[in-house]
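# Structure assessment
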Amino acid sequence: MTTLATSPVLDAHPRASIDEQDRRQASVDRSGYVPETYADGVIFAQDIDDVVLAMKLAHEHGAIIVPRGAGTGLAAGSSAQAGQIVLDLSRMDKILQIDPVEATAVVQPGVINAAVNHAAGEHGLFYAPDPASTAICSIGGNIATNAGGMWCAKYGVTRESVLSLLVVLPDGQLLRTGRRTIKGVAGYDMNALMIGSEGTLGIVVEALLRLRPKPKHTSTLVAYFPDENAAAKAASAVIAERLTPSVLELMCGKTLKAVDATLGTDHQSRGGALLLAQTDGYGAHLEMQALQEAIAPLAGHIEIARDEAQAQALIEARRQAIPSMELLGTASICDIGVPRHRLAEAFAGLQRIEDERGVSIFTIAHAADGNLHPIIVVPEGQSITSGAPKAALGDMFHLAQLLGGTLTGEHGIGLLKQDWLAEELGETSLALQRRLRAVFDPRGILNPGKAI
Ligand SMILES: Cc1cc2nc3c(=O)[nH]c(=O)nc-3n(C[C@H](O)[C@H](O)[C@H](O)COP(=O)(O)OP(=O)(O)OC[C@H]3O[C@@H](n4cnc5c(N)ncnc54)[C@H](O)[C@@H]3O)c2cc1C
């Protein structure tokens, strides 16, 4: 095992740092998990050559490497401890090319998600996968977690917007996955395999992203319901009506209170749960009318945003949901997915878990994807990885399984969801995936203990 005193990789790499503050900062993400020890050192890659050199040295010396983007992950996927070296990609943050005709962008992994959208916007285009963390997360991290976001309701998750990748393999070789064309089926889909692999198969050093034309029209609606059950049923009704909103987000009553306290808004006075919907395209207003009719029997109060500023304020309220909870204590963010017609059952199950375990659960949901984020908030300093919070987390995963769902919709398994993975995948699939991982990384040096 590599240690601080004996790491030839850190000694030999020109961008390595063993500064105490760098090591501490590079060892935690936003999951609330704090390792007992910190990484031995950090390599701040500036270009592809740095990554190739780091991996060649690591391969040669058997040093453990933990890839890191912006550290906003919620599954402790980029957390690191003693005996490990963090490979930080955040300084490789350039947009190398935008092709407005093909509607593509070539970017480095450390570029911030919102920066891609900003640059694409100048050409009348946008990059669809927009996590609520858009302003702070990196494209490399998005690719490694197959991140979702609000617009994913209509445009799909990260996998649907990445055409090709340049990857440094654990032994330092370069691999090109995917293709430049929209279609193409030659060989196995190595691109799809790499996306969502949580930094266990290779380091993403460049990506060719698919951009979409900015919709000519949008229509935004906010609806307030007496409780989460009614809001969840309304979201299911939208799907059952075969509508495809570009945004369909649900926030529970407790979340509304937290957001109101942060932003000085008053959503909570209008209902016990909120649904935020947006439609886009030439038929945006017609589709919104149909959506409104679908939810009206369940809603207490419905408002259509009068202008872009009001629509943006509503989107911002949703983006501030997790930061608002983080102001109340340490947040343990769960990420289950259920079939969309079972959303109300999921909310009822979460209520039971809250009552039985005596924990406080705030829930937001990318409702059109059936993806719920039940968030357990504990007082600062209290553990989220033991006792009632851990038991409640286990209950949530079982609830998802019971409803025919999954234990993670978009955040990944990381370190924190290992205990429940076999139950979802089954032993045959898990064993096969571990063998596949060993083909890429026979020495087991890339992000061990994470993902699978
Ligand atoms: C307020 C808030 C809101 C959020 N909202 C959402 C949301 O709506 N949807 C969503 O999906 N997530 C959300 N997240 C979670 C997080 O932002 C995403 O998981 C994001 O994709 C992580 O990106 P990152 O750059 O921070 O990656 P990191 O946290 O640094 O790393 C995440 C994983 O990717 C690996 N990795 C990073 N870069 C590379 C690379 N170049 N090559 C190979 N592996 C790499 C790491 O090893 C790790 O396993 C939210 C987080 C916060 C704090």
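Because the structure is predicted, anything quoted here is derived from the model rather than measured.

Read across the open sheet, the 7 strands follow the order β15-β12-β14-β13-β17-β18-β16; overall the sheet is antiparallel. Unpaired on one side and paired on the other, β15 (301–304) and β16 (330–333) mark the two borders of the sheet. Strand-to-strand, the axes of this sheet are offset by a mean angle of 15°, without reference to chain direction. As defined by bridge partners, strand β17 (residues 361–366) adjoins strand β18 (residues 371–378) across 6 bridges and the pair is classed as antiparallel. Bridge pairing links T363 to P374 in β18. This element, helix α9 (residues 253–263), spans β13 (247–252), β14 (273–280) and β17 of the sheet and lies at about 90° to β13.

By the element assignment, T200 lies in the loop between α7 (190–194) and β10 (203–210). A distance of 2.6 Å separates the side chain of T200 from the backbone oxygen of S197, its partner in a polar contact.

All right, on to the UniProt feature "domain: FAD-binding PCMH-type" (unreviewed entry) in the protein chain then. Sites flagged by UniProt as "domain: FAD-binding PCMH-type" (unreviewed entry) map to residues 35–214. Secondary structure content for residues 35–214 is 22% helix and 26% strand, and the end C-alpha separation is 42 Å.

A few words on the site of the ligand. Taken together, the neighbourhood of the ligand is formed by 36 residues, with P67, T72, G73, S133 and S138 sitting nearest. One of the side-chain N or O atoms of S78 is found 3.5 Å from an oxygen atom in the ligand. Between the ligand and the protein, one listed contact pairs an oxygen atom with a backbone N or O atom of G141 at 3.4 Å. Elements supplying a minimum of two residues to the shell around the ligand: β3 (64–68), α5 (139–145), β10 and α12 (321–326). The leading source of residues in the shell around the ligand is α5, at 5 residues. When grouped by side-chain class, the residues that make up the shell around the ligand number 14 nonpolar, 18 polar and 4 charged.

Once that is clear, we can look at the domain arrangement of the protein chain. According to the domain assignment, the protein chain consists of domain 1 (4–88), domain 2 (95–213) and domain 3 (215–321). On a C-alpha basis, the centroid separation for the pair domain 1 and domain 3 is 41 Å.

Attention shifts here to the confidence of the model for the protein chain. Mean pLDDT for the protein chain: 95, with 99% of residues reaching 70 or above. In this model residues 1–5 is a low-confidence stretch, pLDDT under 50, and it forms 11 contacts with partners more than four residues away in sequence or in other chains.

Counting buried positions over the 6 residues of β17 gives 6, a clear majority of the element. In terms of strand pairing, β13 meets β17 through 3 bridges, oriented antiparallel. By the bridge assignment, L250 is partnered in β17 with A365. Linking two consecutive strands that pair antiparallel, namely β17 and β18, is a turn of 4 residues; a positive phi of about 65° is found at G370 within it.

Our next topic: the pattern of salt bridges. Should their charged atoms come close, side chains of opposite charge can pair. Tallied over the entire structure, the rule returns 13 salt bridges. With its nearest N and O atoms 2.7 Å apart, the salt bridge here joins R15 to D50. Taken together, the residues span a long stretch of sequence, with R15 in the loop between α1 (8–12) and β1 (16–17) and D50 in helix α3 (residues 48–61) at a distance of 35 residues. A salt bridge links K254 to E354; the shortest N-O distance between them is 2.5 Å.

Right, let's talk about the packing of helix α8 (residues 228–240) against helix α13 (residues 343–357) for a bit. The N-to-C vectors of α8 and α13 enclose an angle of 155°; their axes lie 8 Å apart at closest approach. Between α8 and α13, the interaxial angle falls into the category roughly antiparallel. Remark: the crossing between α8 and α13 carries right-handed chirality. On α13, the residues that touch E228, N229, A232, K233, A235 and S236 of α8 are L343, A344 and F347. Within the contact of α8 with α13, the residues separate by chemical class into 5 nonpolar, 2 polar and 2 charged.

Across its 16 residues, helix α14 (residues 387–402) extends 23 Å between first and last C-alpha, which sits within 8% of the 22 Å expected from 1.5 Å per residue. Within the span of α14, buried status applies to P389, A392, L393, G394, M396, F397, L399 and A400. Looking at the buried positions of α14, the neighbouring elements they touch are β16, α13, β17 and β18. Once α14 finishes, G404 follows within two positions and takes phi at roughly 80°, a positive value.

The rules behind these values
- Residues numbered from 1 in each chain as written.
- Predicted model: local features only at pLDDT ≥ 70, side-chain atom pairs only at ≥ 80, totals over all residues.
- Heavy atoms only, no water.
- Pairing = 2+ DSSP bridges.
- Helix = DSSP H or I, 4+ residues; strand = E, 2+ residues; numbered from the N terminus.
- Axes fitted to C-alpha atoms, helices over the stretch in contact; angles between N-to-C directions.
- Contact = heavy atoms within 4.5 Å.
- Polar contact = N/O pair within 3.5 Å; in protein donor to acceptor, adjacent residues only side chain to side chain.
- UniProt positions renumbered as here; feature names shortened; annotations may be inferred.
- Near = heavy atom within 4 Å.
- Nonpolar A, V, L, I, M, F, W, Y, C, P; charged D, E, K, R; others polar.
- Domains from an automatic or database assignment.
- pLDDT = per-residue confidence, 0-100.
- Buried < 20%, exposed > 50% of the residue type's maximum accessible area, 1.4 Å probe, protein only.
- Salt bridge = Lys/Arg side-chain N within 4 Å of Asp/Glu carboxyl O.
- Parallel < 35°, antiparallel > 145°, perpendicular 65-115°, else oblique.
- Left-handed = near helix turned anticlockwise from the far one by under 90°.
- Expected span 1.5 Å × (residues − 1).

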